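An overview of the molecular structure
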2 protein chains.
Amino acid sequence: MDKVVAELMGALGEKQVLTGDAVHSRGAGIWRSDTIQAKALLRPRSTEQVRQALKICNAHGQSVIAHGGLTGLVESAITAQDDIALSLEAMDKIEEINTVDRTMLVDSGVVLQRIQEAADDAGLLFPLDLGGRGSCTIGGNISTNAGGNRVVRYGMVRDMVLGLEAVLADGTLVSSLSGMIKNNAGYDLKQMFIGSEGSLGVITRAVLRLREKPKSEVTAFVATDEFEKLQQLLKRMDSGLSGRLTAFEVMWNNFYRIVTTPPAKQTPPLAQDYPYYVLIELLGGEQEGDQALMEALLADCLDDGVIVDAVLASSGAQRQELWAMRDDVEQVQRLGAGCTFDVSMRVSHMQAYVDEVNARMGKSFGDYHLITFGHMGDGNLHFYAAVGSYSPEIRHRIEAAVYEPLAAIGGSVSAEHGVGLEKKPWLGICRSPDEIALMQRLKRALDPKGILNPGKIIDVEDIEHDKGKLLSD
Amino acid sequence: MDKVVAELMGALGEKQVLTGDAVHSRGAGIWRSDTIQAKALLRPRSTEQVRQALKICNAHGQSVIAHGGLTGLVESAITAQDDIALSLEAMDKIEEINTVDRTMLVDSGVVLQRIQEAADDAGLLFPLDLGGRGSCTIGGNISTNAGGNRVVRYGMVRDMVLGLEAVLADGTLVSSLSGMIKNNAGYDLKQMFIGSEGSLGVITRAVLRLREKPKSEVTAFVATDEFEKLQQLLKRMDSGLSGRLTAFEVMWNNFYRIVTTPPAKQTPPLAQDYPYYVLIELLGGEQEGDQALMEALLADCLDDGVIVDAVLASSGAQRQELWAMRDDVEQVQRLGAGCTFDVSMRVSHMQAYVDEVNARMGKSFGDYHLITFGHMGDGNLHFYAAVGSYSPEIRHRIEAAVYEPLAAIGGSVSAEHGVGLEKKPWLGICRSPDEIALMQRLKRALDPKGILNPGKIIDVEDIEHDKGKLLSD
């Protein structure tokens, strides 16, 4: 048996260290068909065991890839045969909910949906919500700085974390779990671990910020005939709902058609021939008044021509139907194999950018689909691009069409999904060589042997363990 | 002439390098009576000049202390005779306001109030507001992660910065000014420069996030008879105003009395014998409806005994009078020389903590004043402590009474003011040795010669330039 694995078994106990088929029979990710390749998969039961495991791995220069719910989309949790996977699945306790401080102390292996439900049971709200809620873990959400549908109001995960406990590559514990809203006593260390995809430390526990639970939900679905009017609508809704605009989800015509045309289950609530549609949500304090407010705002927008058609959900069931359209993203698979994207830019650049991507796709492929939708309130667009056939070469050409135009407008190749291996070749589109060099400097400072998720996001050539180059070459 | 100064004059031009009386005649801070001690004060006109200056200083191991408006409260911008001050005063342009993206691109030397006014003129809001608004600069606000009265809704400065340009000690430019709300393309480097008090880089420009300007302002002032009811009130207001609660400022009886008793200008809007008072503000969309909402919430709170008295401002003038009480902090000077504090903790620990500090003050000094107020919505308390006489030894004993009880409850010695030199001796109250070691590791990685604001926040003993030890010994 591998010496490192034997040492880990001694320290953690044999049951906490899976090897062989117990590892290789596990799926590599819920969107993937392959299985985990790793010499061992650790299931530590405590922060102390995470420390022991990392100390051992660090001493041996052994690469370690932290695993949450494996719902990521950018190959950030992928392991190779020589890696060790460190799953947080056995650390899944909700340790405390405080309704006065409106905080929750959780282990990083807790599944997001359990956190949402526990908050709800306590009369509070944990606002993070995304498709993977039933499988993804809060540790993974924090490591990737997850976004979702409510960023326009509540921010990303970065804004929901009051305290963090993380273990550095050498086993050092960095713990700040007091859960204060304000703390300017020195550098805000937790920021480094949020969104760094497990490459600077392994997150073991967190204090989450909870919010008062809204007492009303008002959902509208509207159509506009020009992109510029979408921008006006966003401003009007943000201003008119003053603090209560909770989602502003845009759909281009091609997204709307595919999710409201059989075999998709939803029927179209508005005619299918408008260029743009928006799903708007208000979470507020008083159902009747909030519904009236939305109605009045929409009436003004109709009068002024800012929107051309609208429907306001009058029941919970109608509300769910509107959201079901937005959530039925998998309809795009009807178009055959393709690529999903998660890009961001200033809202003022959005229209010209989408036009440019379409022009490049047309030039490059002739016939193509570019299904377009996203969190417009945050400047975040998603695409599904399909061209009738699929190969790594085709994928690269599609990526070029989508990513290259971002350079001129200062957009980002990743709004909320992260970088992992998938977007690493394109990082230079939105990060300067000096920024990447500074990321490398940080990586060297925190993980000098480079054992933590090596090769993801960036390569760091001059550190001891450069697995990354092997994986990405 | 000093060799470094000569070199700087050659690179920046003589007018951009002040020496001698031109430096020593400048005040060291708006709350201080001494003047700037430094071998030179630089006034670079561009980011490129900041880079040149830092390259030269780094080559010589020359300490550099960035200067904004010098309104800080924790001795973070203090210089000694061997230091060079780098003032951003000549970089004071507002470069762009974008009303669609709701962003503003500014040089770091722009005074906060100009930013507020420019946002207002564009029909938008930059929500940061604090007493030093007429003198403090946005670069200083960002370097200290400033807070203020509206954190409960809009967060701290960290939440208002979409992009940052900073220069590292060696002159490396780290620029990310595209101004996106979401960007998960690698490590979020700007977080390191926010709140690190100029010790990791010099901030030169920023993209600020602006908000839609509220159309209503509703201000109430209420009294409660128990601390526990303050907690209930906070939850009720947060829930009832659903996204529109913009300030929740608590005053203990002793603060209220001193700001409503002559020679203070304000007359008491409520009787002076309640134990606690709260200033509550709603910024919303519709004056009449929002006023009615606040009135209804207050009526319910009165009915349920959550509050015992209340007044609702019925005009802009009344609103200003209520805020004038809160802002008239300088009345505390009537109590003689003393110390101001800025601590934070979970709201659920607040009452027992204040009791404990009072007990320690009584035990240590017999007769004392501990004027107590703060941003309760954020768990942030301010004290003014005075005991009839003042000396460094007395100051230390007061600090011990205030800071030591924070250790047991995981509170912070600095909620929003920062650490500087003043709180450095107490940092260990709220940061573990491993956390401080990680801060040192970061400092070494970004500023290996230790030239940037050395000795502030932390000492880093094993780096080349350890001015800090000299200053703090």
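Keep in mind that what you see is a predicted model, and the values were worked out from it rather than measured.

**Quick word on the overall build of chain A**
Summing up its helical and strand segments, chain A has 15 helices and 18 strands in all. The globule rule puts the C-alpha radius of gyration for 473 residues at 23 Å, and the 23 Å found for chain A is close to it. Along the three orthogonal principal directions, the C-alpha set of chain A runs to about 70 × 55 × 40 Å. In chain A, buried positions account for 61% of the 473 residues.

**Here we look at the pattern of salt bridges**
Between side chains of opposite charge, a pair can form when the charged atoms approach closely. Scanning the entire structure with this criterion turns up 70 salt bridges over all chains. In this structure, the salt-bridge partner of E226 of chain A is K229 of chain A, at a minimum N-O distance of 3.6 Å. We classify E226 of chain A as partly exposed; its relative accessible area is 38%. Of the charged contacts, one joins R326 of chain B and E249 of chain B as a salt bridge, the two residues approaching to 2.8 Å between their closest N and O atoms. A residue pair is termed long-range when its members are at least 10 positions apart, and R326 of chain B in helix 11 (residues 316-327) and E249 of chain B in strand 13 (residues 245-252) qualify at 77 residues. With respect to burial, R326 of chain B and E249 of chain B carry one shared label: buried. Connected through shared salt-bridge partners, R102 and E212 of chain A together with K235 and D238 of chain B make up one network.

**Quick word on unusual backbone geometry**
Of note, the amide linkage connecting P262 of chain A to P263 of chain A takes the cis form, showing an omega dihedral of 10 degrees. One can find P263 of chain A in the loop between helix 9 (253-259) and strand 14 (276-284). The backbone of N145 of chain A sits at a positive phi, close to 45 degrees, despite the residue not being glycine. Here N145 of chain A lies in the loop between helix 5 (138-143) and helix 6 (151-154). The backbone of I457 of chain B shows a phi angle near 70 degrees, a positive value even though the residue is not glycine.

**Focus on helix 4 (residues 112-121) of chain B**
Since there are 3.6 residues in each turn of an α-helix, residues three or four apart along the chain are aligned in direction. Residues and elements named next belong to chain B. Among all positions in helix 4, only L112, I115, Q116, A118 and A119 are buried. Seen along its axis, helix 4 keeps its buried residues to an arc of 165 degrees; they face one direction. Contact partners of the buried residues in helix 4: strand 5 (94-98), strand 6 (103-107), strand 7 (124-125), helix 5 (138-143) and strand 10 (202-209). Where helix 4 terminates, the next one or two residues include G123, which has phi positive at roughly 75 degrees.

**As for the packing of aromatic side chains**
Both the distance between ring centres and the angle between the ring planes are used here to describe each pair of aromatic rings. Residue and element names in this part refer to chain A. Summed over the entire model, instances satisfying the criterion amount to 22 aromatic pairs over all chains. With a centroid separation of 5.7 Å and 5 degrees between ring planes, the pair formed by F221 and Y277 is classed as stacked. A residue pair is termed long-range when its members are at least 10 positions apart, and F221 in strand 12 (residues 216-224) and Y277 in strand 14 qualify at 56 residues. Under the relative-accessibility criterion, F221 is labelled buried at 0%.

**A closer look at the environment of D120 of chain B**
Residues and elements named next belong to chain B. Topologically, D120 is positioned in helix 4. For D120, a relative accessible area of 40% corresponds to the partly exposed category. With 93 residues separating them along the chain, D120 and K213 place their C-alpha atoms 7.4 Å apart.

**As for the relation of the copies chain B and chain A**
Once chain B has been moved 0.0 Å along the axis and rotated by 180 degrees, it coincides with chain A to within an RMSD of 0.0 Å. What we have between these two chains is a two-fold relation. Relative to the rotation axis, the C-alpha of G243 of chain B is the closest in chain B, positioned 2.4 Å from it.

**Digging into the sheet that holds strand 16 (residues 339-344) of chain B**
Residues and elements named next belong to chain B. Read across the sheet, seven strands follow the order 15-12-14-13-17-18-16 without closing on themselves; strand pairing throughout is antiparallel. Of all strands in the sheet, those bounded by a partner on one side alone are strand 15 (309-312) and strand 16. Looking at each pair of strands side by side, their axes are set apart by 15 degrees on average, direction ignored. Where strand 13 and strand 14 (residues 276-284) come together, seven bridges link them in antiparallel fashion. Residue pairing across strands places L245 opposite L282, the latter belonging to strand 14. Helix 13 (residues 392-409) contacts strand 16 and strand 18 (380-386) of the sheet and is inclined by roughly 10 degrees relative to strand 16.

**Considerations on the interface of chain B and chain A**
At the junction of the two partners, chain B supplies 95 residues and chain A supplies 94 residues. When the two sides are added together, the surface that chain B and chain A hide from each other amounts to roughly 7,200 Å², 50% of it contributed by carbon and sulfur. Measuring nitrogen to oxygen at the nearest pair gives 3.0 Å for the salt bridge that ties E212 of chain A to K235 of chain B. The tally of links between chain B and chain A comes to 54 residue pairs in polar contact (both at pLDDT 80 or more). Elements with a contribution of two residues or more to the side of chain B that touches chain A: strand 5, helix 6 (151-154), strand 9 (173-176), helix 7 (190-193), strand 10, helix 8 (227-240), helix 12 (347-365) and helix 14 (433-446) of chain B. In terms of residues, the side of chain B that touches chain A owes the most to one element, helix 14 of chain B, which gives nine residues. For the side of chain B that touches chain A, a count of residues per class yields 34 nonpolar, 37 polar and 24 charged.

**Here's the deal with the sheet that holds strand 2 (residues 40-42) of chain B**
Residue and element names in this part refer to chain B. Read across the sheet, four strands follow the order 1-2-4-3 without closing on themselves; strand pairing throughout is mixed. Edge positions in the open sheet fall to strand 1 (17-18) and strand 3 (64-67), since each of these has one partner strand only. In terms of strand pairing, strand 2 meets strand 4 (residues 84-87) through three bridges, oriented parallel. Residue pairing for strand 4: A40 is matched across the bridge by I84. Sitting on the sheet, helix 3 (residues 47-60) is in contact with strand 2, strand 3 and strand 4, with an inclination near 165 degrees to strand 4.

**Remarks on the nonpolar core**
General note: in soluble globular proteins, nonpolar side chains tend to be found buried as a group. Core analysis: the biggest nonpolar cluster contains 198 residues, and M237 of chain A together with M237 of chain B have the highest contact counts within it. For this core, the element with the most residues is helix 13 of chain B, which contributes eight residues. Residues within four places of M237 of chain A in sequence aside, it is in contact with S242, L245, F248, I280, M294, L297, L298 and C301 of chain A.

**Comments concerning the confidence of the model for chain A**
Confidence in the prediction for chain A averages 96 pLDDT; 97% of positions are at 70 or higher. Here the prediction assigns the complex a pTM of 0.96, and the interface score ipTM is 0.96.

**Some remarks on the side chain of S239 of chain B**
With respect to the helices, strands and loops of the structure, S239 of chain B is situated in helix 8. On the basis of relative accessibility, which here comes to 13%, the residue S239 of chain B falls in the buried class. Polar side-chain contacts of S239 of chain B include one of 2.5 Å to the side chain of K215 of chain A. Ignoring any residue separated from it by four or fewer positions in sequence, one finds S239 of chain B in contact with E212 and K215 of chain A.

**Considering helix 14 (residues 433-446) of chain A**
Between its first and last C-alpha atoms helix 14 of chain A spans 20 Å; for 14 residues at 1.5 Å apiece the expected length is 20 Å, and the two agree. A large share of helix 14 of chain A lies buried, amounting to ten of its 14 residues. Among all positions in helix 14 of chain A, only E435, I436, L438, M439, Q440, R441, L442, K443, A445 and L446 of chain A are buried. Where helix 14 of chain A is buried, its residues touch helix 7 (190-193) of chain A together with strand 9, helix 7 and helix 14 of chain B.

**Some thoughts on the packing of helix 14 of chain A against helix 14 of chain B**
Two elements in contact, helix 14 of chain A and helix 14 of chain B, have axes separated by 10 Å at closest approach and are oriented at 140 degrees. The orientation of helix 14 of chain A relative to helix 14 of chain B falls into the category oblique. In terms of crossing hand, the pair formed by helix 14 of chain A and helix 14 of chain B is right-handed. Contact residues: helix 14 of chain A offers L438, R441, L442, A445 and L446 of chain A, while helix 14 of chain B offers L438, R441, L442, A445 and L446 of chain B.

**Quick notes on the pairing of strand 8 (residues 161-167) of chain B**
Residues and elements named next belong to chain B. With seven of its seven residues buried, strand 8 lies for the most part within the structure. One ladder, built from four bridges, connects strand 8 with strand 9; its direction is antiparallel. Residue L164 lies in a different strand from strand 9, and its bridge partner there is S176. Linking strand 8 to strand 9, which pair antiparallel, is a turn of five residues; within it G171 sits at a positive phi near 95 degrees.

**Here's the deal with a nonpolar patch on the surface**
Residues and elements named next belong to chain A. A cluster of nonpolar side chains, namely I30, W31 and L73, defines an oily patch on the protein surface of about 310 Å² accessible area. With respect to the element layout, L73 can be found in the loop between strand 3 (64-67) and strand 4 (84-87). By relative accessible area, L73 is classed as partly exposed at 36%.

Analysis parameters
Residues numbered from 1 in each chain as written. Chains lettered and ligands numbered in written order. Predicted model: local features only at pLDDT ≥ 70, side-chain atom pairs only at ≥ 80, totals over all residues. Heavy atoms only, no water. Helix = DSSP H or I, 4+ residues; strand = E, 2+ residues; numbered from the N terminus. Rg over C-alpha atoms; globule rule 2.2 N^0.38 Å. Buried < 20%, exposed > 50% of the residue type's maximum accessible area, 1.4 Å probe, protein only. Salt bridge = Lys/Arg side-chain N within 4 Å of Asp/Glu carboxyl O. Arc of directions from axis to C-beta. Contact = heavy atoms within 4.5 Å. Phe/Tyr/Trp six-rings, centres within 6.5 Å; stacked < 30°, edge-to-face > 60°. Least-squares fit on C-alpha atoms with pLDDT ≥ 70 in both. Pairing = 2+ DSSP bridges. Axes fitted to C-alpha atoms, helices over the stretch in contact; angles between N-to-C directions. Buried area = accessible area lost by both parts, 1.4 Å probe. Polar contact = N/O pair within 3.5 Å; in protein donor to acceptor, adjacent residues only side chain to side chain. Nonpolar A, V, L, I, M, F, W, Y, C, P; charged D, E, K, R; others polar. Core = buried A, V, L, I, M, F, W, Y, C linked by side-chain atoms within 4.5 Å. pLDDT = per-residue confidence, 0-100. Expected span 1.5 Å × (residues − 1). Parallel < 35°, antiparallel > 145°, perpendicular 65-115°, else oblique. Left-handed = near helix turned anticlockwise from the far one by under 90°. Patch = residues over 30% accessible without salt bridge, like charges linked within 9 Å, V, L, I, M, F, W, Y side chains within 5 Å. Areas by Shrake-Rupley, 256 points an atom, 1.4 Å probe, with all protein chains shown as cover.

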